[in-house]
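As a plain string of letters, each chain reads:
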Amino acid sequence: MSNPSDSNDSAPMSNASDSNDSTRMSNPSHASPSNGGTAVCPGSYDPVTLGHLDIISRAAHVFDNLVVGVVNHHIRKKTVFTAEERTAFIEAEVAELGNVQVKAFDTLLVDFARENGARTIVKGLRAISDFEYEFEMNQLNRKMAPDIESMYLMSAPEFSFLSSSGVKEVATFGGDLTGLVPPHVAERLKEALRR
Ligand code: PNS
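Cut-offs applied
- Residues numbered from 1 in each chain as written.
- Predicted model: local features only at pLDDT ≥ 70, side-chain atom pairs only at ≥ 80, totals over all residues.
- Near = placed C-beta within 6 Å.
- Helix = DSSP H or I, 4+ residues; strand = E, 2+ residues; numbered from the N terminus.
- Nonpolar A, V, L, I, M, F, W, Y, C, P; charged D, E, K, R; others polar.
- Expected span 1.5 Å × (residues − 1).
- Buried ≥ 20, exposed ≤ 12 C-beta atoms within 10 Å, placed from the backbone.
- Arc of directions from axis to C-beta.
- Core = buried A, V, L, I, M, F, W, Y, C linked by C-beta atoms within 7 Å.
- Contact = placed C-beta atoms within 7 Å.
- Pairing = 2+ DSSP bridges.
- Axes fitted to C-alpha atoms, helices over the stretch in contact; angles between N-to-C directions.

Draft legend 1. Fine view of the site of the ligand. Close contacts around the ligand come from Pro 42, Gly 43, Ser 44, Val 71, His 73, Arg 76, Asp 106, Leu 108, Leu 109, Met 137, Leu 140 and Asn 141, and that covers them all. At the level of elements, strand S1 (38-43) and helix H4 (128-144) are the ones that each hand at least two residues to the shell around the ligand. Looking at the shell around the ligand residue by residue, the classes come out as six nonpolar, four polar and two charged.

Put into structure tokens, the structure is as follows:
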């Protein structure tokens, strides 16, 4: 999967040898050599969409290591695909990103983050409608683990309408899934919903 953020590499930045101390807080070139350490990017991913994959690849560009956490618990949602299937779909798509691992988890998210040495939870935000739920999760996670920071990437405009549940609805009625999920996932979804 190509990394869309690569194009930012050519963005103008002030010279790293700049001796002006006032730039040190705002210019990442003066920050620690670490690129953000490890982050977890959690979700149900039932199934993974091109919007999820966009967030994953952008987050992988920001952090040294990214662990995609696939929820393996039916507390909120009954899933079409097993955690193993959902994990495999993502693994196939991120194979080219050397700093991304995909793991299923059935514990509290903050415990999963700690087990993986992550100090950041990174999530995608599509629209205002996502905000209320994410705000609640943010406060819960912060209460349990104030040392773990949650960060949010805004979805790219072309994916701001895209959700796994919308994709499943389109698939149920035989709609075209091109541009919504990877082709292999589209095939598997059509099969699964025919059952
Ligand atoms: O909306 P999603 O994709 O189902 O999100 C799942 C998740 C785990 C990211 C979200 O529910 C969350 O942030 N939960 C925090 C509470 C928690 O740890 N739940 C246990 C999940 S196994």
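Draft legend 2. Local environment of the environment of His 73. Among the secondary structure elements, His 73 is positioned in the loop between strand S2 (65-71) and helix H2 (83-94). For His 73 and Asp 106, which are 33 residues apart along the polypeptide, the C-alpha to C-alpha distance reads 5.5 Å.

Draft legend 3. Fine view of H2. With twelve residues, H2 extends 17 Å between its outermost C-alpha atoms, agreeing within 8% with the 16 Å of an ideal straight helix rising 1.5 Å per residue. Where H2 is concerned, the buried positions are Arg 86, Thr 87, Phe 89, Ile 90, Glu 93 and Val 94. One side of H2 carries all its buried residues, which in axial view fall inside an arc of 155 degrees.

Draft legend 4. Expanded view of the nonpolar core. In terms of nonpolar packing, the biggest core is built from 36 residues, with Ala 39, Cys 41, Ile 56, Ala 59, Leu 66 and Val 68 touching the most fellow members. Ignoring anything within four residues of it in the chain, the contact list for Val 68 reads Cys 41, Ile 56, Ile 90, Val 100 and Val 102.

Draft legend 5. Focus on the sheet that holds strand S5 (residues 149-154). Strand order in the open sheet formed by five strands is S3-S2-S1-S4-S5, with parallel pairing between adjacent strands. Whereas interior strands pair on both sides, the edge strands pair on one side only; in this sheet they are strand S3 (100-105) and S5. The mean angle between the axes of side-by-side strands here comes to 30 degrees, regardless of whether they run parallel or antiparallel. Bridge count for S1 against strand S4 (residues 120-125) is two bridges, and the pairing is parallel. For Ala 39, the partnering residue across the bridge sits in S4 and is Thr 120. Of the strands in this sheet, S1, S2, S3, S4 and S5 touch helix H1 (residues 50-62), which is tilted by about 170 degrees from S1.

Draft legend 6. How the structure looks around the environment of Arg 188. As for its position among the elements, Arg 188 is in helix H6 (residues 183-194). Of the residues examined, Arg 188 has 19 C-beta atoms within 10 Å and is grouped as partly exposed. Once the C-alpha coordinates of Arg 188 and Glu 85 are considered, the two residues, 103 residues apart in sequence, prove to be 9.8 Å apart.

Draft legend 7. Structural detail: unusual backbone geometry. The omega torsion of the bond from Asp 46 to Pro 47 falls at 0 degrees, within 30 degrees of zero and hence cis. Turning to its location among the elements, Pro 47 is positioned in the loop between S1 and H1. Despite not being glycine, Tyr 45 shows a phi value in the positive range, around 50 degrees. Here Tyr 45 shows up in the loop between S1 and H1.

Just geometry here; none of it tells us what the structure is for.
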